[in-house]
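# Observations on the three-dimensional arrangement
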Amino acid sequence: MIKNTYVLNVLNDFKIKNKGKDEYIQACEEILESLELLINKREDYIKENILERFLEPERYIEFRVCWLDDNNNVRVNKGYRVQYNSAIGPYKGGLRFHPSVNESIIKFLGLEQCLKNSLTTLPMGGGKGGSDFDPKGKSDKEIMRFCQSFMNELYRHIGPNIDVPAGDIGVGAKEVGYLFGQYKKINNEFTGALTGKGLAFGGSLIRKEATGYGLCYFTNAALKTLKNDSFEGKKVIISGSGNVAIYALEKANELGAKVLAMSDSNGWVYDEDGIDLNIIKEIKEVNKGRIKEYLNYKENAIYTESKEGNATIWSLPCDLALPCATQNELTLEDAKMLVKNGVIGVFEGANMPTTIDAYKYLVDNNVIYGPGKAANAGGVAVSGLEMSQNSIRLSWSKEEVDARLQNIMNDIFINICNTSIKYGIKLNDLLKGANIRGFEKIADAMIAQGTI
């Protein structure tokens, strides 16, 4: 509960201005509850109206995207880009192509991205974008034509020193390739204006794996420091089965854990022997299939369909829960089941997958809580490393990139812990420390640059 009058007034004004944008308001409220500890010690932030300036995006762009399907029908979608804050570097954040995308989703993701990028210690501001276009069921030619049309507007607003988009849900290497090709054609130049590119044209090694790997590196650092423990022998549940989930599975296995269940939007599969990485990769990366197909390979596995009234994947007993699917997937009831079943840590691979009341319940019950803005920062960290490689016209080896990623994730955890100690925050509540650490760097840069 917020008690500081200034912070409370800022939140109330934000809710009035953004009525109906539920995800955006949720992200703001979660951040402001954490920042109250900082604001109480920094009167200069109140004098400079720093919260109002931070919460208002520097620029928000909404545009029409017209494209031709394979039957030569004109289709129309909405495109978005929020350039949220550039105090510490050019705007940086992914593009999401999914039917759920709207202004609220894009702005909440952009706001979170500012703090996430700040935590990496790399010089990147925060932004986000996307469209309500759904790549599922579309041919490669349809996806290509959509991406080209999308870039016909977006190119005006991006560049290697202005705004550097990347992939997100629905935007993988294929889509980034189409987007980059159109950007290059329009601008008649080869620059690192997007990240997540193919290795043949400026991409970085382990970019696809980075978010999942980074999630496990962060989790391992937290377990080592706070529990004198590790992944070794742990039972793990991972929601989702996209890039983040797949490569969290891979790294968790390497670190000695057993992943018992994974999911997609239709349901979840449980394998008491441990989810087989090769099977998941074949289903999801090769066949583009559904998680239910796992039963075709492992007859002893159990599949549960997601429908109202059913228990969720979080009803399964586990030591570690890694939500890697989408926002608000882990509710208060899920948190209660996890605590009852003895979970010791929840670390987020997705953006804001845990509701506020679920987060508070986990922390109150001494579960280590690793928020997405810290735990899943590995993806944007390697995107930042890709920007560096593009700038110096060099490519680093897989080992070099992986070592830098591990160092970044360890540093993120250490910096959060130091901030938590400074402000008297419980060390299992890594959210408050992450918000304060990320925000303080941005706020100080904004004040140093004047009222802009």
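See the structure printed just above.
Right, let's walk through the structure included here.

The rules behind these values
- Residues numbered from 1 in each chain as written.
- Predicted model: local features only at pLDDT ≥ 70, side-chain atom pairs only at ≥ 80, totals over all residues.
- Heavy atoms only, no water.
- Helix = DSSP H or I, 4+ residues; strand = E, 2+ residues; numbered from the N terminus.
- Rg over C-alpha atoms; globule rule 2.2 N^0.38 Å.
- Contact = heavy atoms within 4.5 Å.
- Axes fitted to C-alpha atoms, helices over the stretch in contact; angles between N-to-C directions.
- Parallel < 35°, antiparallel > 145°, perpendicular 65-115°, else oblique.
- Phe/Tyr/Trp six-rings, centres within 6.5 Å; stacked < 30°, edge-to-face > 60°.
- Buried < 20%, exposed > 50% of the residue type's maximum accessible area, 1.4 Å probe, protein only.
- Lys NZ or Arg CZ within 6 Å of the ring centre and 35° of its normal.
- Patch = residues over 30% accessible without salt bridge, like charges linked within 9 Å, V, L, I, M, F, W, Y side chains within 5 Å.
- Areas by Shrake-Rupley, 256 points an atom, 1.4 Å probe, with all protein chains shown as cover.
- Salt bridge = Lys/Arg side-chain N within 4 Å of Asp/Glu carboxyl O.
- Pairing = 2+ DSSP bridges.
- Core = buried A, V, L, I, M, F, W, Y, C linked by side-chain atoms within 4.5 Å.

### Overview of the overall build of the chain
Secondary structure assignment for the chain yields 16 helices and 12 strands. Rg of the C-alpha trace for the chain: 21 Å, near the compact-globule value of 22 Å for 452 residues, within the 12% margin. Seen through its C-alpha atoms, the chain measures out along the principal axes to roughly 60 × 60 × 45 Å. The long-range fraction of contacts in the chain, counting pairs at least 24 apart against all pairs at least 6 apart in sequence, stands at 71%.

### Section: the packing of helix 2 (residues 22-39) against helix 16 (residues 430-448)
Viewed as axis vectors pointing N to C, helix 2 and helix 16 meet at an angle of 75°, and their least axial separation amounts to 8 Å. If you check the angle between helix 2 and helix 16, you find them roughly perpendicular. Contacts from Glu30, Ile31, Ser34, Leu35, Leu37 and Leu38 in helix 2 reach Leu431, Lys432, Asn435, Ile436, Phe439 and Glu440 in helix 16.

### A closer look at the packing of aromatic side chains
Tallying each qualifying case throughout the model produces 18 aromatic pairs. Aromatic pair Phe97 and Phe150: ring centres 5.3 Å apart, planes at 70°, arrangement edge-to-face. Residue Phe97 is found in strand 3 (residues 91-97), and its partner Phe150 is found in helix 6 (residues 140-154); the two are separated by 53 residues along the sequence. Both residues of the pair, Phe97 and Phe150, count as buried. Three or more aromatic residues joined by ring pairs make a cluster, and in this case those are Phe63, Trp67, Phe97, Phe133, Phe146 and Phe150. Positioned above the aromatic ring of Phe133, the side-chain terminus of Lys138 is 5.3 Å from the ring centre.

### As for a nonpolar patch on the surface
On the surface, Leu68, Val74 and Val76 cluster together into a nonpolar patch covering about 270 Å² of accessible area. Its place among the elements puts Val76 in strand 2 (residues 74-85).

### Details of the sheet that holds strand 5 (residues 163-167)
Strand order in this open sheet of five strands is 1-2-4-3-5, and the pairing throughout is mixed. The open sheet is flanked by strand 1 (59-68) and strand 5, the only strands paired with a single partner. Put simply, the sheet's adjacent strands are angled 20° from each other on average, direction ignored. Pairing of strand 3 with strand 4 (residues 126-131), which is carried by three bridges, proceeds in the parallel orientation.

### Considerations on the nonpolar core
Generally speaking, nonpolar side chains in soluble globular proteins are found buried as a group. Counting 61 residues, the largest nonpolar core has Phe218, Ile238, Met262, Leu405 and Ile412 as the members making the most contacts within it. Looking at this core, the element that brings in the most residues is helix 8 (residues 207-227), giving nine residues. Setting aside residues up to four positions removed in sequence, Ile412 forms contacts with Leu119, Thr120, Phe218, Ala374 and Ala377. In terms of nonpolar packing, the next biggest core, distinct from the first, is built from 42 residues, Ile2, Cys28, Tyr80 and Tyr84 among them.

### What about the environment of Asn415?
In this fold, Asn415 is placed in helix 15 (residues 398-422). Measuring from C-alpha to C-alpha, the distance between Asn415 and Leu154 comes to 35 Å, with 261 residues separating the pair along the chain. Once residues lying within four places of it in the same chain are set aside, the contact partners of Asn415 are Thr121 and Arg437.

Taken by themselves, the reported measurements are silent on function.
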